[in-house]
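Structural characterization, general
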Amino acid sequence: MKNKSSDASEVVILERCWVVEFRSKADVSIVLKFQSGEPDLYLEAASKPDCESWAVALGEANSEGLRHKIQQLRRLIMEIKEERSAGEARQFLPPSQVDSLGEPQFTSIQRIANEPKLEFSLACKDLVAATRDRKLNTFIQVSVVHPAEHILTRYSSTEIVEGTRDPLFLTGVTFPPEYPIYEETKIKLTVYDVKDKSQDTVRTSVLPDHKEPRADVGRSFLGCATFRVGDLVKSKEQQLTLTLRTSDGGKAVGTIEVNLVKMGELEDGETDHITTDTQDQKCALVRECMATEGISGKDNLPSLNAVLKNPICKLYRFPTSDNKWMRIREQMAETTLSFHVPKELINLHIKEDMRRNQELKDLGELAPHWDNMRKSVIAHCDQMLSMYQDTLAELGKHTGSSFKSSCSKGEKTLEFIPINLHLQRMHVHSPRLKDALYDVITVGAPAAHFQGFKNGGLRKLLSKFEAERRNTGYQCIYYSPENTAKAKEVLSNINHLQPLISSHADLLLSSASQRSPDSLKNSLKMLSEKTELFVHAFKDQLVRSALLALYTARPGCVLKKPAVPRNSAEEGGDSQHQDHPSQIKRQDSIPHHSEYDEEEWDRVWANVAKSLNCVIAMVDRLLEKDNISSIKEDQNDPSAADCKVLHTGGDWYEQLYPLVITLKDCMGEVVTRAKQSMAFVLLQELACGLPQCLMLTLRRDIVFSQALAGLVCGFIIKLHTGLHDQGFLQQLHTVGLLVQYEGLLSTYSEEAGMLEDMAVGISDLQKVMFKVIEAKSEDFLPIITGRREHYIIEVQLPAKMFELLPQEIKEGKLLRMYPVLFNVGINEQQTLAERFGDTTLQENINQENLELLKEYYKLFTEKMPPDCLPHFQEQNDLKGLLENLHQNIQAKRRKNVEIMWLAATICRKLNGVRFTCCKSAKDRTSMSVTLEQCSILRDEHQLHKDFFIRALDCMRRMPHRECTEECQMQKVCIQHDTADGFPKVLQTSRRDIWKS
């Protein structure tokens, strides 16, 4: 150590000491702790990067660090020797053979389609430790030497097995179907002894995200061995026993057994042989693979692969209570819908907002106060529209991963994208149930992270905004949220029905010109149905009051008392008047500088019905005359020729054309008035709360976009899984689909705002309807149509799959969704909320959604036969489960995870879709999902009771998300400081975390 004058003032011997580095980003201190009991030495660096580099340098500045460097150099020398020997071997080949040494020249491994090419398990025996009394903590690193390149590539590694010289590794090695592995491929197995896992984990976890941790920190090299894949595949016993040797290739330090695994074969043997003397090894065999073809063989369908990407598979085998094996394939996949759905949704928002802005401009002349208000609203809406367009353009440039990682949740360009949206599937093959699937969609809680939660989430912000709108005074007219929603619905009906009516009217004229009675009847039927819907849409007091309000906003308006209603005879007119539409009095557009008749609107939209009655009467008359003419012709009446002349003279088209034109004109007049009045209502909604109104709309769009992406993914997966389940398909079109969200957010600080966002976003999913259509091309991505208050998702299926659906679904029946959310905060922040804060938000959400769940159950029992429940219905009564859930919600116990389990069980029994959400869909979500999977194995597949905790540790020890989002950062999904506040059943010990 040096003083300020750079003179040596103190010497520190860095032996038998360890380095402690603080995790805080702001803290740049290092502490040296000595085993001898000497006082701790505190050091401070200039910056965080300097602090990290000093921590690594000080940790290596001892004899142990020097020994590690020597061993690393020996390994590098050995690898160079292997590469050189391979290069020398190529020199003895003729040039033509070297040039033609491509992949087709190698011997492929024959395996089942869509199954891994190669799987093997590993075990070591008689390992030699550096010191006689030391207990080894070993793991194996697997590297591959490709025959075409002769380059050593690190592939995977096993878990660490503690305290034994004969380790049985639970993690095997799996090569996916598309991996380029051949019989000539060499595999190198290197065995390491890990001396201090805790210090190793801390040190690697504080490295910057863009740096890889040092491979030699905290471990020592024991030995290595190499084998050819062909030797393993062709061996009679499908097993190789290799000798482990030191880096110089001389001393033997033990043996390693490589056993070929064929997971496609059912294992009928007893499970006793897997038990060893080491407690940590009493677990099931687990292998890991990254498949590229699809989730599983039977699900390898183009339509499913269109929405799922990069599946990661893990295989386990656990003993059952009767000592038989069951196999579990645990899978996780990304989905292309993470970006597809938000982009489609933003595109719809842009079109809707452009249409709204044009409707505001088409309001016509307004008084100065209202005109200035309109200009301000349009200016703000144009800014918001530009932001949507910029966001869509940025998303169009996105390449790479098909999901948004948690570290990107605060990025503005990705705020519409859900966080960590994945499918988590457990495929169980057990003696009791040969083929069972359990799906959970895992996703970060839908929330506007970029917008922040300083003032709360949507639930609080919407309530506050509505209260402020009521006190706007004279500046604008207050319309309730129900009225503004009704105005949007009326505008949507206009935009939807007007083109349909016009199209059916044209078809009617076309049928008349062809003199086709059947076609004329069908066209008239469709025209009548759509026109009746059109007229019914405007029978609302809101339209009448909005027209009056709009008139008062015109310059120089004059009101007139309503006229005395006419009697029914004058209102309806006789049949002769109906036959002659020219006698219907057409109204002018909304008058300016003139008296306004409040009953004028009733007469305007009533003219549409009258015009339709005229068309119907004329069609009936034409068909009646045609029928009389046909009868006379059949009876060979001499006057038949005269009837033919009459038909020719009185052409159907000529007689219907003026009536149809009058109908279109009357309808156009109604449309003009109704559009302007409803646009005026929307103007009031926007003007009363600028710019908060638009910002709330943006926030709600962001949250809904994240929620909808997950819902579409869950629906498609559930539809593919249940295609052969007639009971589920009947439930789908008769009742609808239950969608249950399990929230794990706390009610403290920012997470309370996230929960408020999530609650509103999931509630908004009630306005989503699904429709299944037959795909007309190879593009199976869903199609989204509609507006903010009503969306229709069209899911495309190939022709063969589409034929499996019930007739009702094939005919285009809309399928309803019933989303429910149950939240239980489980982390340390929830502890603070329960002791010092408020949990009312969580209690209210759970109570409200319990009522929604009861309504769905009531609807289910009324419309579905009892035999449509799943096969495990007899275990528990649904009514009893609902009552138990009700009691647990009313009990208001702290961190009552029983609510989660009951809601999940009810959802599965009702054929629902399961979602699990926390802040980022990593730590808490992983703990909950693994617990749920092991509980299912115990309750439904008779997992041996002594293996429940071991199975849970096994699934948690190898976290899925380490292989996707956190792979680059070399982190595990369960942070070491996260589980402290969790309920005991959700906790994982620090010892198990270090193993991961």
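Residues numbered from 1 in each chain as written. Predicted model: local features only at pLDDT ≥ 70, side-chain atom pairs only at ≥ 80, totals over all residues. Heavy atoms only, no water.

Per an unreviewed UniProt entry, the chain goes by the name phosphatidylinositol-3,4-bisphosphate 4-phosphatase and belongs to Pipra filicauda. Here the chain is described in UniProt, under the heading Pathway (unreviewed entry), as follows: "Signal transduction; phosphatidylinositol signaling pathway." The UniProt entry for the chain carries the following text under Sequence similarities (unreviewed entry): "Belongs to the inositol 3,4-bisphosphate 4-phosphatase family." (UniProt positions renumbered as here; feature names shortened; annotations may be inferred.)

1. As for the overall build of the chain
Helix and strand content of the chain: 29 helices and 25 strands. Burial analysis of the chain (996 residues in total) assigns 52% to the buried set. Sequence separation of 24 or more characterises 75% of the internal contacts of the chain that already satisfy a separation of 6 or more. (Helix = DSSP H or I, 4+ residues; strand = E, 2+ residues; numbered from the N terminus. Buried < 20%, exposed > 50% of the residue type's maximum accessible area, 1.4 Å probe, protein only. Contact = heavy atoms within 4.5 Å.)

2. Thoughts on the pairing of strand E24 (residues 815–823)
The buried fraction of E24 amounts to eight of the nine residues, a majority that puts the element mostly inside the structure. Pairing analysis gives seven bridges linking strand E20 (residues 737–743) to E24, with the strands arranged parallel. The residue of E24 that forms the bridge with Val739 is Pro819. In the sheet, strand E21 (residues 768–774) pairs with E24 via two bridges, with the strands oriented antiparallel. Residue pairing in the sheet places Met769 in a bridge with Arg816 of E24. (Pairing = 2+ DSSP bridges.)

3. Thoughts on the environment of Ala709
Relative to the helices and strands, Ala709 resides in helix H18 (residues 692–721). Under the relative-accessibility criterion, Ala709 is labelled buried at 0%. For the pair Ala709 and Leu421, spaced 288 residues apart in sequence, the C-alpha separation works out to 8.4 Å. Excluding residues that lie within four positions of it along the chain, Ala709 makes contacts with Leu337, Val341, Pro342, Pro418 and Leu421.

4. Brief notes about the environment of Ser545
Looking at where Ser545 falls in the secondary structure, it is placed in helix H12 (residues 541–552). A residue is classified by how much of its surface remains accessible, and Ser545, at 30% relative accessible area, is partly exposed. On a C-alpha basis, the gap between Ser545 and Ser677 in space is 8.6 Å, while along the polypeptide they are 132 residues apart.

5. Focus: the packing of aromatic side chains
A complete count under the given rule lists eleven aromatic pairs for this structure. Plain terms: the ring middles of Phe715 and Phe770 are 4.1 Å apart, the flat faces sit at 20 degrees to each other, and that makes the pair stacked. Residue Phe715 is located in helix H18, and its partner Phe770 is located in strand E21; the two are separated by 55 residues in the primary sequence. Under the relative-accessibility criterion, Phe715 is labelled buried at 2%. Of the aromatic side chains, those joined through ring pairs into one cluster are Phe139, Tyr192 and Phe221. The residue whose ring lies beneath Arg515 is Trp652, and the NZ or CZ to ring-centre distance is 4.8 Å. (Phe/Tyr/Trp six-rings, centres within 6.5 Å; stacked < 30°, edge-to-face > 60°. Lys NZ or Arg CZ within 6 Å of the ring centre and 35° of its normal.)

6. What to know about the pattern of salt bridges
The full count for this structure, using the stated rule, is 26 salt bridges. Note that Glu848 and Arg459 form a salt bridge whose closest N and O atoms lie 2.7 Å from each other. A residue pair is termed long-range when its members are at least 10 positions apart, and Glu848 in helix H24 (residues 840–863) and Arg459 in helix H9 (residues 458–469) qualify at 389 residues. Since its relative accessible area comes to 40%, Glu848 is described here as partly exposed. The exposure class assigned to Arg459 is partly exposed, which follows from its relative accessible area of 28%. By sharing partners, the salt bridges in this structure join Glu352, Asp353, Arg356, Asp701 and Arg788 into a single network. (Salt bridge = Lys/Arg side-chain N within 4 Å of Asp/Glu carboxyl O.)

7. Examining helix H27 (residues 923–941)
With 19 residues, H27 ought to run about 27 Å at 1.5 Å a step, and its terminal C-alpha atoms sit 26 Å apart, in line with that. The element H27 is largely enclosed, with a buried count of 17 among its 19 residues. Directly after H27, the chain includes Gln942, whose backbone phi takes a positive value near 60 degrees. (Expected span 1.5 Å × (residues − 1).)

8. Some thoughts on helix H20 (residues 750–764)
For H20, which comprises 15 residues, the first-to-last C-alpha distance of 22 Å matches the rise-based estimate of 21 Å (1.5 Å per residue) to within 8%. By the criterion of burial, H20 is predominantly enclosed, with 13 of the 15 residues buried.

9. A few points about a nonpolar patch on the surface
Residues Tyr748, Leu832 and Phe836 make up a contiguous nonpolar surface patch of about 320 Å² in total accessible area. Looking at the secondary structure, you find Phe836 in helix H23 (residues 828–836). The exposed category is assigned to Phe836, whose relative accessible area is 69%. (Patch = residues over 30% accessible without salt bridge, like charges linked within 9 Å, V, L, I, M, F, W, Y side chains within 5 Å. Areas by Shrake-Rupley, 256 points an atom, 1.4 Å probe, with all protein chains shown as cover.)

10. Description of the state of the cysteines
This structure, assessed with the given rule, holds zero disulfides. With no disulfide partner, Cys614 has as its closest neighbouring cysteine sulfur the one in Cys666, 9.2 Å distant. With relative accessibility at 2%, the residue Cys614 sits in the buried group. (Disulfide = S-S within 2.5 Å.)

11. Regarding unusual backbone geometry
With phi around 50 degrees, Arg515 is a residue other than glycine that occupies positive phi space. Mapped onto the fold, Arg515 is located in the loop between helix H10 (481–513) and helix H11 (517–537). Despite not being glycine, Ser749 shows a phi value in the positive range, around 60 degrees. In this structure Ser749 comes out as exposed when scored by relative accessible area, which is 51%.

12. Points about the environment of Glu468
In this fold, Glu468 is placed in helix H9. A relative accessible area of 44% places Glu468 in the partly exposed class. C-alpha of Glu468 to C-alpha of Cys688: the two residues are 220 residues apart in sequence and 8.8 Å apart in space.

13. Details of the nonpolar core
Membership of the largest hydrophobic core comes to 86 residues, with the highest contact counts inside it found for Leu508, Phe534, Trp601, Leu656 and Met678. By residue number, the principal contributor to this core is helix H17 (residues 652–687), which donates 18 residues. In this structure Leu508 touches Leu520, Ser523, Leu524, Leu527, Val615, Val619, Leu656 and Val660, once residues within four positions along its chain are discounted. In this structure, Val341, Ile441, Ala707 and Phe770 belong to the second largest nonpolar core, which totals 60 residues. (Core = buried A, V, L, I, M, F, W, Y, C linked by side-chain atoms within 4.5 Å.)

14. Side note on the confidence of the model for the chain
Averaged over all residues, the pLDDT of the chain equals 78, while 75% of them reach at least 70. Low pLDDT, under 50, characterises residues 198–216; the stretch is placed with 31 contacts to residues that sit more than four places away or in other chains. (pLDDT = per-residue confidence, 0-100.)

15. Digging into the packing of H10 against H11
Put simply, H10 and H11 touch, their axes get as near as 9 Å, and they point 160 degrees apart. Relative to H11, the element H10 is oriented roughly antiparallel. As for the relative orientation of H10 and H11, their crossing is left-handed in sense. Contacts from Val490, Asn493, Leu497, Leu500, Ile501, His504, Ala505, Leu507, Leu508, Ser511 and Ala512 in H10 reach Ser519, Leu520, Ser523, Leu524, Met526, Leu527, Lys530, Thr531, Leu533, Phe534 and Ala537 in H11. A breakdown of the residues in the contact of H10 with H11 according to their chemical character gives 15 nonpolar, six polar and one charged. (Axes fitted to C-alpha atoms, helices over the stretch in contact; angles between N-to-C directions. Parallel < 35°, antiparallel > 145°, perpendicular 65-115°, else oblique. Left-handed = near helix turned anticlockwise from the far one by under 90°. Nonpolar A, V, L, I, M, F, W, Y, C, P; charged D, E, K, R; others polar.)

16. Here we look at the packing of H11 against H17
At a closest axis distance of 13 Å, the pairing of H11 and H17 adopts a crossing angle of 15 degrees. Taken together, the axes of H11 and H17 lie roughly parallel to each other. Crossing geometry of H11 relative to H17 is assigned as left-handed. Of the residues in H17, those in contact with Pro517, Leu520, Leu527 and Phe534 of H11 are Trp652, Leu656, Leu663, Met667, Val670 and Val671. For the contact of H11 with H17, the per-class residue count stands at ten nonpolar, no polar and no charged.

17. A word on the side chain of Gln933
If you trace the backbone, Gln933 turns up in helix H27. Given the relative accessible area of 5%, Gln933 is considered buried. A polar contact of 2.9 Å, which involves the side chain of Gln933, links it to the side chain of Glu330. With residues near it in sequence (within four places) discarded, Gln933 still touches Glu330, Gln424, Met426 and Met955. (Polar contact = N/O pair within 3.5 Å; in protein donor to acceptor, adjacent residues only side chain to side chain.)

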